[in-house]
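Next come the chains, spelled out residue by residue.
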Amino acid sequence: MLIGVIVKSLFILIVMVAGLAPVITWIERKQSAVMQDRIGANRADVGGITLLGLMHPLADVFKLLSKEDVVPTGANRIMHLISPVIAAVPAVIAFAVVPFGGVYTLGGEEFSLVAANPDWGLLYIFAIGSIAMYGTVMAGWSSNNNWSLLGGLRASAQMISYEVTMGLSVVGIFMVFSTLQLQDMVVAQDDTFRVFGFLEVLFGLSVPAWLDFVRLPAWGVFYQPLGFVLFLTTIMAENKRPPFDTPEGESEIIAGYHLEYSGMRFGLFFMAEFIEVLVIAALMTTIFLGGWSVPWLTTETIIGGIAGVFGEGFATGICIILHFLSFMLKVVFMIWLQMALRWTLPRFRYDQVMDLCWKIILPLSIANVFVTGGIILLAGGTS
Amino acid sequence: MTVPAVLFYAFAALAVLSAIGMVVQVRNTVASAMSLVITMVALAGIYVLLEAHLVAVIQIMVYGGAIVVLFLFVVMLLNLRSDDFGPARQRLVRLAAAAIGVFALTWMLRLFSGLPEAPPLPEGFGGYREVGIALYTDYVLLVEVASLLLTAAIVGALILAKRKID
């Protein structure tokens with residue numbers, strides 16, 4: 001049991017965090033280049049090998065590690081030194097509750113590919129998010145610089161506002177799946193539903209049998225399209241990357257909260273943002289895009305289809321690989337979507353960010369909760 | 001000692017130490033607030049050991065996160081310096097803290113004289129499902145009264161803010 005948890009944690013740390021986070025910096029450079037009709041990162045090389053610019057993350061780390069680590073005079077030294085750590089650690093440990101595979105039985109033993117599976121999984125993510133705020137706020141305060149302080153102030157107001165709406169925008173999903181456990185949520189999405197079934201439920205019409213074949217995967221995004229948009233917006237605002245980068249605001253307050261940071265401590269803030277991009281992608285996948293499930297092919301179908309010819313163990317192995325590939329594919333799609341949004345939209349002014357939160361997203365998410373509740377009531381319980 | 005007992009004493013020590021740190025550092029408001037965060041998180045750890053998972057998460061989200069961030073926001077907005085707290089005010093805060101501490105200590109000593117054995121927990125105790133059902137059946141009146149209070153507070157804040165703008 002304990003060994004299983006350690007193996008899964010190491011897998012997450014090595015594959016997801018250490019392996020994918022640097023690649024995301026490369027994706028960002030290359031995608032921005034493509035969108036702006038440039039070539040993008042292609043110069044850093046090891047012995048002439050550039051790997052399409054994939055050597056750049058390596059060069060970044062070397063540069064940041066070899067730079068001087070400055071603590072400004074008049075700064076609160078302890079706070080200045082630990083703030084980047086407070087910002088980066090929550091991003092990494094948020095992965096603990098994200099399932100990267102389903103529940104399988106192999107050799108009579110049942111195992112679930114998620115490091116920790118508490119009953120209150122999604123609430124854990126929200127709790128972690130509220131602790132992560134302190135990294136930004138304290139970095140802004142401890143630097144003893146007015147621009148940093150302004151960045152910290154903006155960050156505290158923005159993140160606290162968006163945390164409220166972030167919680168409200170997924171209440172609809174809680175109601176649909178009636179669970180907070182992320183693994184259970186994905187198991188519920190590992191299914192299909194009849195597209196025209198709602199005509200029967202809501203209007204009492206009879207649907208011809210041949211339309212039953214028109215099916216969609218039972219993903220959260222199809223049950224809660226508005227919830228998907230709202231949650232993506234709020235969680236991207238929590239990550240404070242452009243267009244929501246008011247705490248940094250290069251054109252207004254220089255670099256905001258990390259203005260006085262240099263070397264790898266700046267690198268940690270940088271890393272935290274990119275790991276959060278990954279966390280957001282994994283979370284959106286898990287909640288709204290069916291997590292590890294393969295669309296239109298449930299776990300039973302896959303295992304049942306292969307087991308007859310090749311045996312149970314082989315079928316389970318294939319199923320695990322398919323599920324993991326499906327999960328990673330969706331995660332990469334969500335990363336791409338975030339990058340595309342980041343390089344498409346112009347940045348908001350600070351008051352526009354707050355208006356968007358309190359005047360648009362909050363009423364919409366409350367309306368979403370009421371409409372979802374009404375539909376569930378009409379349908380007679382959760383479907 | 002069992003693992004939960006070790007964890008309990010670790011969290012309890014952390015909570016008490018950071019609470020003392022909060023009072024001692026009264027001159028440095030931000031450091032004081034950060035000590036408060038550590039106290040809140042340590043308390044959340046104790047709640048997890050007591051199987052009250054929902055309360056633990058809410059403790060971190062609301063008290064550890066939102067409320068102290070708002071404290072920090074106000075402190076940073078006012079840009080308080082350490083000399084804004086005169087010796088008289090510091091003495092007052094420390095006296096109040098000492099009085100509360102002595103009261104809590106005597107209360108604890110009284111309790112230690114005879115604690116009954118804890119009854120077994122009911123099924124699903126402390127989960128969001130059970131707490132939610134209890135809140136919206138047995139305590140629904142209190143929930144509604146609390147929401148009315150919050151609405152009144154929001155309206156009051158709006159009126160105060162609007163008068164300044166006008």
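Preceding this paragraph is the structure being described.
The structure reproduced in this document is the subject of the present report. (Residues numbered from 1 in each chain as written. Chains lettered and ligands numbered in written order. Predicted model: local features only at pLDDT ≥ 70, side-chain atom pairs only at ≥ 80, totals over all residues. Heavy atoms only, no water.)

1. Observations regarding the pattern of salt bridges
Any two side chains of opposite charge can pair, on the condition that their charged atoms come close. Residues and elements named next belong to chain A. Under the counting rule described, the total for this entry stands at nine salt bridges over all chains. We note a salt bridge from R347 to E252, for which the minimum N-O separation is 3.2 Å. With R347 in the loop between α14 (312-344) and α15 (350-379) and E252 in helix α11 (residues 250-253), this residue pair connects regions lying 95 residues apart in the sequence. For E252, a relative accessible area of 31% translates into the label partly exposed. Across the salt bridge formed by D351 and R349, the nearest N and O atoms sit 2.8 Å from each other. Linked through salt bridges whose partners overlap, the residues forming this network are R154, D245, E252 and R347. (Salt bridge = Lys/Arg side-chain N within 4 Å of Asp/Glu carboxyl O. Helix = DSSP H or I, 4+ residues; strand = E, 2+ residues; numbered from the N terminus. Buried < 20%, exposed > 50% of the residue type's maximum accessible area, 1.4 Å probe, protein only.)

2. Comments concerning the interface of chain A and chain B
At the interface, 24 residues of chain A touch 23 residues of chain B. Between chain A and chain B, the buried area comes to about 2,100 Å², and carbon and sulfur atoms account for 79% of it. Of all residues in chain A, W120, Y134 and L153 of chain A bury the most surface against chain B, accounting for 28% of the area lost on that side. At the boundary of chain A with chain B, the tally comes to zero salt bridges. For the pair chain A and chain B, the interface holds five residue pairs in polar contact (both at pLDDT 80 or more). Counting residues per element, the side of chain A that touches chain B draws most heavily on helix α4 (residues 121-142) of chain A, which supplies 10 residues. Its residues placed into classes, the side of chain A that touches chain B shows 16 nonpolar, six polar and two charged. (Contact = heavy atoms within 4.5 Å. Buried area = accessible area lost by both parts, 1.4 Å probe. Polar contact = N/O pair within 3.5 Å; in protein donor to acceptor, adjacent residues only side chain to side chain. Nonpolar A, V, L, I, M, F, W, Y, C, P; charged D, E, K, R; others polar.)

3. What to know about helix α13 (residues 299-310) of chain A
Residue and element names in this part refer to chain A. Over its 12 residues, α13 runs 16 Å from end to end, which matches the ideal 16 Å to within 8%, given 1.5 Å per residue. Residues of α13 that are buried: T299, I302, I303, I306 and A307. For α13, the buried positions fall inside an angular range of 110° around the axis, keeping them on one side. Summarising the geometry of α13, the exposed residues directed more than 90 degrees from the buried face are E300, G304, G305, G308 and V309. Those residues of α13 that are buried lie in contact with α14. Looking one or two residues beyond α13, the residue adopting positive phi is G311, at roughly 95°. (Expected span 1.5 Å × (residues − 1). Arc of directions from axis to C-beta.)

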